[in-house]
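Fold and contact review
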Amino acid sequence: MENHSIARNTGIPLNLGWVENTTVNPSATQRRAVTLGKRRSIKKEWQAAWLLKAITCIDLTTLAGDDTPGKVRRLAAKARQPVRQDILEALGAENLGITTGAVCVYHERIPDALAVLKGTKIPVAAVSTGFPAGLSPFTQRIQEIKASVALGAQEIDIVISREHVLQGNWEALYREVCEMRAACGEAHMKTILATGELGPLWNVAKASKICMMAGADFIKTSTGKEPVNATLEVGLTMTRTIREYQAMTDFKIGFKPAGGIRTAKDALTWQILMKEELGNEWLEPHLFRFGASSLLTDIERQLSHHVTGRYAAKHHMPIS
Amino acid sequence: MPSIAEIFKTMDYSPAPESAAAAQAWLDDHGRKFDLFINNQWQAPTDATYIEVTAPASGAKLADVANANSADIDKAVKAARKAFKTWSATTGHQRARYLYAIARNIQKHGRLFSVLESLDNGKPIRESRDIDIPLVARHFYHHAGWAQLMATEMAGYQPLGVVGQVIPWNFPLLMLAWKIAPALAMGNTVVIKLAPSTPLTAILFAQILQESGLPAGVVNVVTGGDEAGASITSHPDIDKIAFTGSTPVGAIIRRVTAGTGKKLSLELGGKSPYIVFEDADPDGAIEGLVDAIWFNQGEVCCAGSRLLVQENIADDFLANLRRRMGQLRVGDSLDKSIDMGAVVDPVQYATIDKWVKAGVNEGAAIYQPDIPMPENGCFYPPTLLTNVSPSSTVVQEEIFGPVLVAMTFRTPAEAIQLANNTRYGLAASIWSENINTALEVAHKVKAGSVWINSTNLFDAASGFGGYRESGFGREGGKEGLYEYVRPIWKKRPKPTLDWGENGEPDVKAWSKHTPPRPSTKSSVANGSLPPLDRTSKLYIGGKQARPDGNYNLPILSPDGREIGQVGDGNRKDIRNAVEAAHKARGWADRSPHNRAQILYYIAENLAIRADEFAQRLVDMTGCKKKDAEAEVQQSVERLFTYAAWSDKFGGTVQETTLRGIVVAYHDYLGVIGIACPDEAPLLAFISLLAPAIARGNTVIVIPSEKYPLSATDFYQILETSDLPAGVINIVTGKRDHLTKTLVEHDDVDAMWYFGTAEGSYFVEYLSSSNMKRTWVNYGTARDWSDETQGAGHDFLHESIQVKNIWVPTGVT
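Computed from a predicted model, the values in this text were never measured in an experiment. (Residues numbered from 1 in each chain as written. Chains lettered and ligands numbered in written order. Predicted model: local features only at pLDDT ≥ 70, side-chain atom pairs only at ≥ 80, totals over all residues.)

In terms of regular secondary structure, chain B is built from 28 helices and 33 strands. The C-alpha radius of gyration of chain B comes to 28 Å, within 12% of the 28 Å expected for a compact globule of 812 residues. When its C-alpha atoms are laid out on the principal axes, chain B stretches across 115 × 65 × 50 Å. Counting only residues that meet the buried cut, chain B has 58% of its 812 residues in that class. Excluding contacts between residues fewer than 6 apart, the proportion of contacts in chain B whose partners are at least 24 apart in sequence is 75%. (Helix = DSSP H or I, 4+ residues; strand = E, 2+ residues; numbered from the N terminus. Rg over C-alpha atoms; globule rule 2.2 N^0.38 Å. Buried ≥ 20, exposed ≤ 12 C-beta atoms within 10 Å, placed from the backbone. Contact = placed C-beta atoms within 7 Å.)

Right under this line is the structure:
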């Protein structure tokens, strides 16, 4: 994470009153979500610039059982050079240092990614703690974090125990995340809530609050493996808790929607959400990430279209 | 223009203009000059004058439109009258086909309509594109369905005839749709006058009508100013006026149409409360406020313009609101990235500014966010006024602009009290996650539309319209159809008003009454014992009360014998009766079952004394014994009818586009004044008061002036039937003398009058002081013994007002 000196969240003592005092009206949230992308329109040069910015916020991800060193090296190469050089030049963006925000892999693939990313500022993020279900033995989950950090991962995407949320066991969730944060050390911690498995939006809000109080650097929506991924409703709910936490503590917490974000238009809508709810700073990679794999290709095609005026073919874009 | 690299750093929004090319080309195609659409022809205005139409966002001239005068309106009415003959004879299916075609064509030209609407009115293209125009199409689709179903669902009703409609500038095409769709569905023909500043989409609509093949004269679209509007509202060959606009103009129309037999529906102003409880979703409520008061620049009759926020969360809430206001973008109406466009014209701008300055002068704290404002055009910034109270002018008056006033409350009861502390009653928003709070407040707030955890939701299937001085009648839903029909048995009332010597209505002469003096004629034979005095008192607050003036009226038999005396009520008796009726408002909280039981009990007690009541009718009216017995019997039956209706007319669930439940709740009106006719003195009395109290109203009844003794005899029945004190109050005396006080009373919610044509005129005329609902007979008697005429659906309809409560659902 470059050149953004923000005070890192230290966490705060558990404030259960804040958790209890959570009201989210789902239908009102939905109405806001529906109109978000319709109230703002990002076109032409603005669209190109916003999409370039979106690329810098992508955690370019592969999380499949068949990931091999070769596959991950290809992914990392794409992270270094996410847009075709000729397109970048045509956009006048060749000196903006466009790379993705990070590369996100399983623990075993950390060295493969690092090998390619050496000498860049692109961090490697590892999913951890028994991803995606988070039901492996707790000590192993903590160990897993430590092992990944030891291997060189600078960011750790942990999963929380959904059980604690569904049972309203906030102390347990707080303790769990605190321990994980301690295990992360200097590595930044993104806490995956798996919102698709938490039930109503107010559970999402409460879990977000707990994770921030326990020291999360980012709160993240989903593993990408739940039946429902990052929805705008969930995004609104989580970003609003970030705003509250900042008002309480002055700490700025990052946000990462993940799963199901595939098109440039999706990315723009998420960016609008961030700008409207939290402001411009949350458009930058130190506070905003997309967890995505196929999004980059669509953005690259849109940028190509901006340059040529022609709709682009997928096979003209180098794959990851 | 900044480079991509620069934007990459600033991450600003940019203007995103919607192209106006097609709309401008359409204007050019017509030489930017539009005539009147009469009889499916474009006709130049008689005196060849035109009105300039401009774009409020830029001030640029868009077009000239005809300025109709009264001769033009007359032409349009004649065309509509001619077309009515064939149009009213079409089948429901035929009309459905036309309405369906109109809906389809609106959708096909949806973008052109939206762009034109935003150009002309100044509203954001997002709103015209995503809200106005889709609602317009939906309205025609929905009413195509009502046309299709009219024969069965509106059995017993017929179209009215020619309908005159006058619409405002804030939702030009949507208001047109709300007016025209139900009118056509029910078989009426239309003359509609557009607001002079925003006529363009309606002109395009007229072209759509041609495209849809609508027969000539069925819809006539005219542009013009005050003369055209006044010509419509006063035109003798128009059968109904539908108006949306300000309360003062609505009051004028009420007076202009008084006594003419024209039906009238008015959708007027508002100062709608937006209530936020401590347990509300604060972010949801703040986004809701954006949609409540900054939607359409606040130029919305139902705008949530009066924020009531619970005191213990007010500071945080208002701080968040101010932050949110700083995110609003104000700009050109065709910019897709704005939240607020231009207000409609410099006059409206000045009006808004005047109110805001008045507020500040009275001590309000003003907040306007530091956001970029366009340099030219009619743009008013989003404005929040705090440090105001119910006594502040800006809290009482409708500003009709992007101005929110904010106050606090302590408890739900106080929230209800503050919410209802207004002359208006159009809408209310309630924000609470507590179902008890939300539903209780929804139930108690006086408003035609109530939105729980939401705001400004509209749909063709849900009637929109006001309580109190926000008007009467509903637009949308089945409840809206009744504004465009008349019972089949009923002819269009065409009262002839006889103003006597001076030829002018004279309210003093009409209501004049000098108390009686002793008769010099003795009705007692010389030397014989006088009969026991039988002087009825008044019945107020459950007690027999001596008339305040201490005068009595002799009641004579047909052959001139005095058969009793009744109290000669005066204005103080009316005042007391209204107060008693208000004290008895707990009646509405009784269970419907309980109200039914009491009506049955009244029927029971009347039946026991049937002979006595029949004899009284014979004595008073000289009717045949057999007829008198039949009238009593029918009165008992009618009490049964409305006992039955006590728990069977609560409302319906509306099938709108909302994910959730929309309840059309049949609310009571409140306190109703009823002036009874002389015909069928017992049956008419019962037929009127029974539906009113069955539906939870409390009443002040003026019995037949000529034959009041059936009503005064009824006191004893009421006293033995468990009826709570004050639900029925009876004031005998001179009907019109008493009616005047009752109809002028600002705390009476409705006035039913069954007397003369002239009296009907005055009732309608005087009702404009608080826009109370009226139901008058224009001097035409109905056959009270006929089930349709004496106990038809209209009795229930007149006893309620529809409140639509929107309850969104969903947990994820």
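Take the sheet that holds strand 2 (residues 102-105) of chain A next. Residues and elements named next belong to chain A. Taken together, eight strands build an open sheet; the order of strands is 7-6-5-4-3-2-1-8 and the sheet is parallel. Both outer strands of the open sheet, strand 7 (254-256) and strand 8 (290-292), are each paired with one neighbouring strand and no more. The sheet shows a mean angle of 25° between the axes of neighbouring strands, taken without regard to direction. Bridge count between strand 5 (residues 188-192) and strand 6 (residues 218-220): three bridges; the pairing is parallel. From the neighbouring strand, Thr-191 faces strand 6, where its bridge partner is Ile-219. (Pairing = 2+ DSSP bridges. Axes fitted to C-alpha atoms, helices over the stretch in contact; angles between N-to-C directions.)

Right, let's get into unusual backbone geometry. Residue and element names in this part refer to chain A. Along the chain, Phe-131 connects to Pro-132 via a cis peptide bond; the corresponding omega equals 0°. As for its position among the elements, Pro-132 is in the loop between strand 3 (124-127) and helix 7 (138-151). Phi at Asp-250 is positive, roughly 75°, even though this residue is not glycine. Mapped onto the fold, Asp-250 is located in the loop between helix 11 (232-249) and strand 7.

Glancing now at the interface of chain B and chain A. With 33 residues of chain B at the interface, the matching set in chain A holds 30 residues. Here the side of chain B that touches chain A is built from residues that sort into 11 nonpolar, 12 polar and 10 charged. (Nonpolar A, V, L, I, M, F, W, Y, C, P; charged D, E, K, R; others polar.)

Residue and element names in this part refer to chain B. In this structure, strand 26 (residues 651-654) lies alongside strand 27 (residues 660-668), joined through four bridges in antiparallel fashion. Looking across to strand 27, one finds that Val-653 is bridged to Val-663. A loop of five residues connects strand 26 with strand 27, the two strands running antiparallel in sequence.

Let us now look at the environment of B:Thr741. All names here are of chain B. Note that Thr-741 resides in helix 25 (residues 735-744). The exposure class assigned to Thr-741 is buried, which follows from the 23 C-beta atoms found within 10 Å. On a C-alpha basis, the gap between Thr-741 and Tyr-668 in space is 22 Å, while along the polypeptide they are 73 residues apart.

This part takes up the nonpolar core. In this structure, B:Leu99, B:Val190, B:Val191, B:Ile275, B:Leu289, B:Leu308 and B:Val450 are the most contacted members of the largest nonpolar core, which totals 171 residues. Per-element tally for this core: the top contributor is helix 7 (residues 172-185) of chain B, with 11 residues. When we break this core down by domain, the ones giving at least three residues each are domain 1 (31-90 + 158-268 + 482-486) and domain 2 (273-465) of chain B. Leave out the neighbours within four places in its chain, and B:Leu99 touches B:Phe140, B:His143, B:Ala144, B:Ala147, B:Ala181, B:Leu184 and B:Ala185. Judged by nonpolar contacts, the second largest core, of 101 residues, contains A:Ala54, A:Met189, A:Met213 and A:Leu232. (Core = buried A, V, L, I, M, F, W, Y, C linked by C-beta atoms within 7 Å. Domains from an automatic or database assignment.)

Residue and element names in this part refer to chain B. Most of strand 10 (residues 240-244) sits inside the fold, with five of its five residues counted as buried. Residues Lys-240, Ala-242 and Thr-244 point to one face of strand 10 and Ile-241 and Phe-243 to the other, with burial holding for every one of them. In this structure, strand 7 (residues 162-166) lies alongside strand 10, joined through four bridges in parallel fashion. Bridge pairing links Gly-164 to Ile-241 in strand 10. Where strand 10 and strand 11 (residues 263-267) come together, five bridges link them in parallel fashion.

Now for helix 12 (residues 264-277) of chain A. All names here are of chain A. The end-to-end C-alpha separation of helix 12 is 20 Å, in line with the 20 Å expected for 14 residues at 1.5 Å each. Along helix 12, 12 of the 14 residues are buried, which leaves the element largely enclosed by surrounding structure. Among the residues of helix 12, Ala-264, Asp-266, Ala-267, Leu-268, Thr-269, Trp-270, Gln-271, Ile-272, Leu-273, Met-274, Lys-275 and Glu-277 are the ones counted as buried. Those residues of helix 12 hidden inside the fold are in contact with helix 2 (26-39), helix 3 (44-56), helix 11, strand 8 and helix 13 (295-308). (Expected span 1.5 Å × (residues − 1).)

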